[in-house]
Every structure is written in structure tokens, then in C-alpha cells.
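# Coordinates in review
Chain by chain, the residues:
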Amino acid sequence: RRGRAHTLTAPNMALRQFARQSARSLGLRSDVSLAPALATRGMSTVIEGLKYMASHEWAKVDGDTVTVGITDHAQAELGDVVYVELPEVGSEVSAKSTFGVVESVKAASDVYSPVSGEVVAVNEDLADSPGKVNEGAYTDGWMMKVKMTDPKELDALMDAKAYEASCDH
């Protein structure tokens, strides 16, 4: 779906409004703001310097700490995110194993850790504002930070060019 405009059309806006109203009537939170979605996104689908999994998670390496989230491609496929389940700080995660769940108006999807290690932080803001995943998958929508135990696991991840190619297939 490369080359697709990232602006909302009238039918998409109506669908978002319907989803928001439906979520509220079901007692779910839907905090996706229309304002950021109305403008063309300022970031590319894939960011150089990050590592990627085929299951659409990204990893930003900073020393022995890795920040993890889902890619812009993944959030676009999921649609409006209404709930995010994250691990507890202090828990252990394993590479290629699930660490949480992202629920949208379309589906629920497991999220996988790109590395093994101890969870040293989670994005608490996502509990009240899960739409941050849609608004900034690579920024405010990060999910967890892991102190990795085996940096060699990073070798199994894709660079931006390889990930972009995998999304084109």
C-alpha cells in the first residue's frame, strides 16, 4: 500500500466517527483525535536507523536499552487503536515472543518483542490514550523499553530497507 495518501477521505472520517461512537456505547475508550489524522503525516512509513520484525514491530537501540513499538504500517492496517495491553515493569520478555496486545476497532493483535531482557519502562500514557499508537507509532506510541540480555538478537532483525521491501509484498 505504498504511495497511498495518509489523509482522511469523507468515508474514512465517517468510519472513524462511527467507531468512536460505537466504542463509547460499549464502554470502551477511543481517544484518537481527528486533528492529526486530517493532515498529511510528517513521517515516512519506515524510519532509517530502526530495526524491524516481519510481524511489524520496531526497535530503537540506545546502548543496552531497546525501545519497542508497532510500525506505522501495522497501526494503519489495524485502524483506530482502542486498547493496549503491556507487560509490567520488571518482567522478562523473550525475543519473538508476545509481550502484549493491541486492540483496534477492527481486530486484536499480539505484539512481539524483538529482543530478550527485562522490561525497564512501559508507556503508561497508552492506558488512557491508546490512540497515541495511531498518532505517532514511532514517537508517542512507543510501548516498552527493554534492557536487552543478548545484543546478538538484533542481528535477526531487518533494517529499514529490508522491512520496506517486506511490506511491498
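Residues numbered from 1 in each chain as written. Predicted model: local features only at pLDDT ≥ 70, side-chain atom pairs only at ≥ 80, totals over all residues. Heavy atoms only, no water.

## Structural notes on the confidence of the model for the protein
Detailed reading of the predicted coordinates is not advisable wherever pLDDT falls low. To keep it simple, the criterion reads: Every residue is assigned a pLDDT by the predictor, reflecting its confidence on a scale from 0 to 100. We call two residues in contact whenever any of their non-hydrogen atoms come within 4.5 Å of each other.
Scored by pLDDT, the protein has a mean of 81; 73% of the residues are at 70 or more. Confidence drops under a pLDDT of 50 for residues 1-16, and excluding neighbours within four residues, the segment shows 23 contacts in the predicted structure. For residues 29-44, every residue scores under 50 in pLDDT, and the model assigns this stretch 41 contacts once sequence neighbours within four places are set aside.

## Notes on the sheet that holds strand β4 (residues 81-85)
The cut-off we apply is this: DSSP calls a pair of strands paired once it identifies at least 2 bridges connecting them. A run of DSSP states H or I qualifies as a helix once it reaches four residues; a run of E qualifies as a strand once it reaches two. Both are numbered from the N-terminal end. What counts as an axis is a line fitted to C-alpha atoms, over the stretch in contact for a helix, and the angles between N-to-C directions run from 0 to 180 degrees.
In spatial order, the strands read β4-β6-β7; together these three strands make up an open sheet with antiparallel pairing. Bordering the open sheet on either side are β4 and β7 (108-112), each of which pairs with just one other strand. Each neighbouring strand pair of the sheet contributes to a mean axis angle of 25°, computed without reference to strand direction. Looking at chain direction, β4 and strand β6 (residues 98-104) are connected through four bridges and run antiparallel. From the neighbouring strand, E85 faces β6, where its bridge partner is V101.

## A closer look at the sheet that holds strand β5 (residues 92-93)
With respect to topology, six strands assemble into an open sheet ordered β1-β2-β3-β9-β8-β5, the strand pairing being antiparallel. Where the open sheet ends on each side, the last strands, each with one partner, are β1 (51-52) and β5. The pairing of strand β2 (residues 57-62) with strand β3 (residues 65-70) spans six bridges and is antiparallel. The residue bridging D62 from the neighbouring strand is T65, located in β3.

## Notes on the nonpolar core
Here is the rule we go by: The set of buried Ala, Val, Leu, Ile, Met, Phe, Trp, Tyr and Cys residues whose side-chain atoms join them within 4.5 Å is what this entry labels a nonpolar core. Per-residue accessibility, obtained with a 1.4 Å probe over protein chains only, is compared with the maximum for each type, and a residue is labelled buried under 20%, exposed over 50%, and partly exposed between these values.
By size, the foremost hydrophobic cluster in this structure holds 24 residues, and its most contacted members are I70, F99, V133, M143 and M144. Of all the secondary-structure elements, those providing two or more residues to this core are β3, α3 (72-78), β4, β6, β8 (117-122) and β9 (144-148). Among the nonpolar cores identified, the runner-up in size contains ten residues, and L50, Y52, W142 and C167 belong to it.

## Some points on the environment of E57
As for its position among the elements, E57 is in strand β2. Considering only alpha carbons, one finds E57 and A74, 17 residues apart in sequence, at a separation of 8.0 Å.

## Observations concerning the side chain of S113
Note the following rule: Identification of polar contacts relies on pairs of N or O atoms within 3.5 Å, with a donor-acceptor requirement for protein atoms, meaning one able to donate a hydrogen and the other able to accept it, and with residues adjacent in sequence counted only if both atoms are side-chain atoms.
Locating S113 in the fold gives a position in the loop between β7 and β8. Take S113: its relative accessible area is 0%, and that puts it in the buried class. Polar side-chain contacts of S113 include one of 2.5 Å to the backbone oxygen of V115.

## Overview of the packing of aromatic side chains
Rules: Ring pairs are drawn from Phe, Tyr and Trp, using the six-membered ring of Trp, whenever the two centres fall within 6.5 Å, and their geometry is named by plane angle: stacked under 30 degrees, edge-to-face over 60, tilted for the rest. In this scheme, Lys NZ or Arg CZ marks a charge over a ring once it lies within 6 Å of the ring centre and within 35 degrees of the ring normal.
By the definition in use, this model includes two aromatic pairs. Ring centres of Y52 and Y163 lie 4.6 Å apart, and the angle between their planes is 10°; on these two criteria the pair is classed as stacked. In this pair, Y52 is assigned in strand β1 and Y163 in helix α6 (residues 160-167), connecting sequence segments 111 residues apart. For Y52, a relative accessible area of 1% corresponds to the buried category. With 5.9 Å between their ring centres and 50° between their planes, W58 and Y138 make a pair best called tilted. On the criterion of sequence distance, the pair formed by W58 in strand β2 and Y138 in the loop between α5 (132-135) and β9 is long-range, its members being 80 residues apart. Positioned over the ring face of W142 is K145, at 5.1 Å from the centre of the ring.

## Here's the deal with the pattern of salt bridges
Quick note on the threshold: Definition used for salt bridges: Asp or Glu carboxyl oxygen within 4 Å of a side-chain nitrogen of Lys or Arg.
The tally for this structure, following the rule as stated, stands at one salt bridge. As a salt-bridge pair, K132 and D125 come within 3.6 Å of each other at their nearest N and O atoms.

## Description of the environment of E85
For E85, the location among the structural elements is in strand β4. Measuring from C-alpha to C-alpha, the distance between E85 and G100 comes to 5.1 Å, with 15 residues separating the pair along the chain.

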